[in-house]
Amino acid sequence: MLAREVWRGDTDTVRRGLARRRSDAPLEELIATDAEWRHVQAELEEAKADRNRGSKEVGALFAAGRREEGEALRARLAALGERIRELEANATRLAQRVAELELTIPNLPHESVPDGADETANRVERHWGEPPTFPFPAKAHWDLGPALGILDFERAAQVAGARFAVLWGAGAALERALVTYMLDLHRGGGYREVYVPFLVNRQALVGTGQLPKFAEDLFRVEGTDLYLVPTAEVPVTNLHRGEILEEASLPRRYCAYTPCFRAEAGSYGRDVRGLIRQHQFDKVELVHLATPETSYAELEILVRQAEAVLQGLGLPYRVVTLSSGDMGFAAAKTYDIEVWLPGQGMYREISSCSNCEAFQARRADLRYRPSAGGRPRFLHTLNGSGLAVGRTLIAILENYQREDGSVDIPAALRPYLGGLSRLTAEN
């Protein structure tokens, strides 16, 4: 969340940031509620001080034999006590409302973020690789996979419903190989691998910004305070919640594999075919914890690390900077990596890499102690997919397809598949 001194003391900057985001967040209600709370709090403190003064005077009046005045003051103090209880209840209610409203205000866009309402204003930063050309009509993965016998949507629907998939044989092995390949690559790049719970509590989701705003996109375990993880960003970012790290230990770079679970409540029928938008999918996540002075350099490192996966697999892609209106709730700046999918004739997102600055750290109480001394400061948190595994599998099927329907396996993955070099219907 934003620092209170920012939205209280520099309200115009916040208004401009929200306008750039095209956000209808209730900033004005927050400011008005906070002003009311501070007014009530001031009245409460004055009433308590008045009561304390009066309590001393009562004793003095009775001691001096001025009983009638003492009784009158005692009656006034009793009424004041009732007023104090009313003020305390009102202050508590208003403070709770301020805290609720604070959680609904998104992060402000970094000055380098292009201004725009949606993805049409995103800025292309660079391309890597040449999209393949085929002497035949390129097929989409939802045709290639079933024809190879590795991808099954019908049986998944029998078991769980729409937007699930079953991977058979070499398809399942390829999914597993991709996870291991990604983790090995990131560990070799200096990341510390961590295996985390696939269930998280409400506090963890509030800490990273999924709650309260995106409650409809989460799967909650009935009768508990636990939710299935929408991304490994949630458990990994919260690993140091409430701790104070030493600056000398920063930056910290973590990688983690988890399945991810999303209700996709706001997708409104988009990407209903294939593996693009599933309720369950695998992902390898990258999380950085850094100082404010180094976080934007860390963002570039994070993006390059995610790119290394695609380069190792020989998959063409581009990197774009998201516009102010297209960014996620917690992000100050986001790069999307979009892989080329010839079966669909377009680039599709395969990783979002974001610097959240101190937005998540304030919510999750993530701090560090400066080496030069002084009070602990909030960390900057960064995260990105390294990569979405199912979408990487899609990209392999579509970019490495052959006219006979078989699919070549990138050389980097073959050692993870016992030397298998091609997917065929016989695998």
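Note that the coordinates shown come from a computational prediction; the quantities given were computed from them, not determined experimentally.

A. Spatial organisation of the packing of aromatic side chains. Enumeration according to the criterion identifies 8 aromatic pairs in this entry. Ring centres of Trp128 and Tyr317 lie 5.7 Å apart, and the angle between their planes is 15°; this geometry places the pair in the stacked category. Taken together, the residues span a long stretch of sequence, with Trp128 in strand β1 (residues 123-128) and Tyr317 in strand β10 (residues 317-321) at a distance of 189 residues. Looking at Tyr317, the relative accessible area reads 1%, which means it is buried. Ring geometry for Trp340 and Tyr347: centres 5.1 Å apart, planes at 65°, overall edge-to-face.

B. A look at unusual backbone geometry. Residues Leu250 and Pro251 are joined by a peptide bond in cis, for which omega reads 0°. Across the junction of Gly386 and Leu387, the peptide omega takes the value 20°, indicating a cis bond. In this fold, Leu387 is placed in strand β15 (residues 380-388). The phi dihedral of Arg163 falls on the positive side, at around 65°, and the residue is not glycine. Inspection of the secondary structure assignment puts Arg163 in the loop between α6 (153-159) and β3 (166-167).

C. Spotlight on the sheet that holds strand β13 (residues 367-369). Spatial strand order, β7-β13-β14: 3 strands in an open sheet with mixed pairing. Since the sheet does not close on itself, it has two edges, and those belong to β7 (244-246) and β14 (377-378), each with one partner. Taken together, the 2 bridges between β13 and β14 define a ladder with antiparallel strand orientation. Its bridge partner being in β14, Tyr368 is matched across the sheet by Arg377.

D. Representation of helix α7 (residues 169-188) in the model. The terminal C-alpha atoms of α7 lie 29 Å apart, and with 20 residues this matches the ideal 28 Å at 1.5 Å per residue to within 8%. Once α7 ends, the next one or two residues include Gly190, with phi positive near 95°.

E. Spatial organisation of the pairing of β15. Across the 9 residues that make up β15, a large majority, 9, are buried. By the bridge criterion, 3 bridges tie strand β12 (residues 346-355) to β15 in an arrangement that is antiparallel. In the strand pairing of β15, Asn355 is matched with Leu382.

F. Main features of the nonpolar core. Judged by nonpolar contacts, the single largest core of 52 residues is most densely connected at Leu178, Met182, Leu310, Ile337, Leu397, Leu413 and Leu423. Residue contributions to this core peak at 9 residues, all from α7. Excluding its chain neighbours within four sequence positions, the residues that come into contact with Leu178 are Leu313, Val389, Thr392, Leu393, Ile396 and Leu413.

G. Fine view of the packing of α7 against helix α12 (residues 389-399). Following both chains from N to C, one finds α7 and α12 inclined at 115°, their axes separated by 10 Å at the closest point. Note on packing geometry: the crossing formed by α7 with α12 is right-handed. Residues Gly171, Leu174, Glu175, Leu178, Val179 and Met182 of α7 touch α12, and the partners they reach there are Val389, Gly390, Thr392, Leu393 and Ile396. Of the residues that constitute the contact of α7 with α12, the class distribution is 7 nonpolar, 3 polar and 1 charged.

H. Main features of the packing of helix α5 (residues 141-148) against α12. Two elements in contact, α5 and α12, have axes separated by 9 Å at closest approach and are oriented at 85°. The pairing of α5 with α12 is recorded here as roughly perpendicular in orientation. Contacts from His141, Leu144 and Leu148 in α5 reach Ile394, Leu397 and Glu398 in α12. Taken together, the residues of the contact of α5 with α12 break down into 4 nonpolar, 1 polar and 1 charged.

Quick notes on the rules
- Residues numbered from 1 in each chain as written.
- Predicted model: local features only at pLDDT ≥ 70, side-chain atom pairs only at ≥ 80, totals over all residues.
- Heavy atoms only, no water.
- Phe/Tyr/Trp six-rings, centres within 6.5 Å; stacked < 30°, edge-to-face > 60°.
- Helix = DSSP H or I, 4+ residues; strand = E, 2+ residues; numbered from the N terminus.
- Buried < 20%, exposed > 50% of the residue type's maximum accessible area, 1.4 Å probe, protein only.
- Pairing = 2+ DSSP bridges.
- Expected span 1.5 Å × (residues − 1).
- Core = buried A, V, L, I, M, F, W, Y, C linked by side-chain atoms within 4.5 Å.
- Contact = heavy atoms within 4.5 Å.
- Axes fitted to C-alpha atoms, helices over the stretch in contact; angles between N-to-C directions.
- Left-handed = near helix turned anticlockwise from the far one by under 90°.
- Nonpolar A, V, L, I, M, F, W, Y, C, P; charged D, E, K, R; others polar.
- Parallel < 35°, antiparallel > 145°, perpendicular 65-115°, else oblique.

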